[in-house]
Amino acid sequence: MFASDRDLLVYEPRLFDEVAFASQTVLAAAGGEIASDGVTLTVGGADFAALGVDAGWVVVVEGVAAEVLERVSATVLTISRVRGSVGDAAMPLVAGTGLDVRVGSFRPQIGVVHEQVLRALGIGTVAGGSLDEASVLNTAALKRVECFGALQLVFSGAAALVGYDALLWQKAQMYLARYGSERFGVSALVDTDGDGVADATRRMNVMQFVRRC
């Protein structure tokens, strides 16, 4: 996938609080500890490796959503408050012990949109032949379209669960519009022959036809 939970958090800082019930909870634990450096989180008894928790995930500690920078071990993560850019230095949280820790994910929703994006680009389909997502070289450019599409699914699903809450439904419609707009303007640089160099530009708003003899 081109986008991650961390990328969704940038657009919706309260996402893992506002619609946590719509996420996939993979860990809920008490007794977490943030070291004095503010970025080392230890959760005894956890198995982050088995859960697949790694960079790009989001962990909520005492109600504060933080991005995971690295999985150090099965029980230890390096975390940060949400940074302006993934290249920025980590922003520490407040050290403490006996902390409530929750790890949730909207990866299923991101995955649905990811497949839509690939199909719209003619990748992983009959039209794309043997091409897969590794053929896309400018993956960063496709993060926003996946984020907007995933957020639309998240908020529309959450609204349905609570009886089409007005605010959640408005957000769903807003992200649907942003998803459509982003699809129209984004383009992918594709390596069609496996040499590591882009030799095609594909857009999601253009139909591709294949001649069959």
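Residues numbered from 1 in each chain as written. Predicted model: local features only at pLDDT ≥ 70, side-chain atom pairs only at ≥ 80, totals over all residues. Heavy atoms only, no water.

To continue, consider the overall build of the protein. Of the regular secondary structure elements, the protein holds 6 helices and 8 strands. Reading the protein from its N terminus to its C terminus gives the helix and strand order α-α-β-β-α-β-β-β-β-α-α-α-β-β. Considering only C-alpha atoms, the protein reaches an extent of 65 × 45 × 30 Å along its principal axes. Counting every position in the protein, which comprises 213 residues, the buried fraction comes to 43%. Once local pairs closer than 6 in sequence are excluded, the contacts in the protein between residues at least 24 apart make up 66%. Of the roughly 10,400 Å² of accessible surface on the protein, a fraction of 54% belongs to carbon and sulfur atoms. Averaging the locations of the 17 positively and 24 negatively charged side chains of the protein gives two centres separated by 8 Å. (Helix = DSSP H or I, 4+ residues; strand = E, 2+ residues; numbered from the N terminus. Buried < 20%, exposed > 50% of the residue type's maximum accessible area, 1.4 Å probe, protein only. Contact = heavy atoms within 4.5 Å. Areas by Shrake-Rupley, 256 points an atom, 1.4 Å probe, with all protein chains shown as cover. Lys, Arg positive; Asp, Glu negative; His and termini not counted. Charge placed at Lys NZ, Arg CZ, Asp CG, Glu CD.)

As for its placement among the helices and strands, Ser135 is situated in the loop between α4 (107–120) and α5 (143–161). When neighbours within four sequence positions are excluded, Ser135 is seen to be in contact with Leu189, Val190 and Asp191.

Attention now moves to the pattern of salt bridges. Counted by the stated rule, this structure contains 8 salt bridges. Across the salt bridge formed by Glu67 and Arg83, the nearest N and O atoms sit 2.9 Å from each other. Linking Glu67 in strand β4 (residues 64–71) with Arg83 in the loop between β5 (76–80) and β6 (96–105), this pair joins segments that are 16 residues apart in sequence. Considered together, Glu67 and Arg83 belong to a single accessibility category, that of buried residues. (Salt bridge = Lys/Arg side-chain N within 4 Å of Asp/Glu carboxyl O.)

Glancing now at α4. Owing to its 3.6 residues per turn, the α-helix brings residues three or four apart onto one side. Between its terminal C-alpha atoms α4 stretches 20 Å, which fits the 20 Å expected from 14 residues at 1.5 Å a residue. Looking at α4, one finds that the buried residues are Gln109, Ile110, Gly111, Val113, His114, Val117, Leu118 and Ala120. For α4, the secondary structure elements touched by its buried residues are α1 (5–11), α5, α6 (166–185) and β8 (200–203). Downstream of α4 by a residue or two, Gly122 has a phi angle that is positive, lying close to 75°. (Expected span 1.5 Å × (residues − 1).)

Per the counting criterion, the structure on display carries 4 aromatic pairs. With a centroid separation of 5.2 Å and an interplanar angle of 65°, the aromatic rings of Tyr11 and Phe148 are classed as edge-to-face. Of this pair, Tyr11 sits in helix α1 while Phe148 sits in helix α5; the two residues are 137 residues apart in sequence, bridging distant segments of the chain. In this structure Tyr11 comes out as partly exposed when scored by relative accessible area, which is 26%. Among the residues examined, Phe148 registers a relative accessible area of 3% and is labelled buried. (Phe/Tyr/Trp six-rings, centres within 6.5 Å; stacked < 30°, edge-to-face > 60°.)

In this section: the confidence of the model for the protein. As a general rule, the predicted coordinates of low-pLDDT regions are not to be interpreted in detail. Chain-level pLDDT for the protein is 90 on average; 93% of the residues reach the 70-or-more range. Taken together, the stretch residues 209–213 has pLDDT below 50 and engages in 2 contacts with residues farther than four places along the chain or on a different chain. (pLDDT = per-residue confidence, 0-100.)

Once that is clear, we can look at the sheet that holds β6. Spatially, β1-β2-β5-β4-β3-β6 is the arrangement adopted by the 6 strands of the closed barrel, whose pairing is antiparallel. Adjacent strand axes in the sheet meet at a mean angle of 45° when their direction is disregarded. (Pairing = 2+ DSSP bridges. Axes fitted to C-alpha atoms, helices over the stretch in contact; angles between N-to-C directions.)

This brings us to the packing of α4 against α5. As a packed pair, α4 and α5 sit with axes 8 Å apart at the nearest point and diverge in direction by 130°. In this view, α4 runs oblique relative to α5, as classed from their interaxial angle. Judged by the sense of rotation from one axis to the other, the crossing of α4 with α5 is right-handed. Here Gln109, Ile110, Val112, Val113, His114 and Val117 of α4 lie close against α5, whose contacting residues are Val145, Glu146, Gly149, Ala150, Leu153 and Val154. Class assignment for the residues of the contact of α4 with α5 results in 8 nonpolar, 3 polar and 1 charged. (Parallel < 35°, antiparallel > 145°, perpendicular 65-115°, else oblique. Left-handed = near helix turned anticlockwise from the far one by under 90°. Nonpolar A, V, L, I, M, F, W, Y, C, P; charged D, E, K, R; others polar.)

With 38 residues, the main nonpolar core has Leu8, Leu15, Val19, Phe106, Leu142 and Phe155 as its most contacted residues. Residue assignment for this core shows that the elements contributing at least two residues are α1, α2 (15–18), β3 (58–61), α4, α5, α6 and β7 (187–190). The element best represented in this core is α5, accounting for 9 residues. Counting 18 residues, the second-largest nonpolar core is a separate cluster that includes Val43, Ala46, Val53 and Val59. (Core = buried A, V, L, I, M, F, W, Y, C linked by side-chain atoms within 4.5 Å.)

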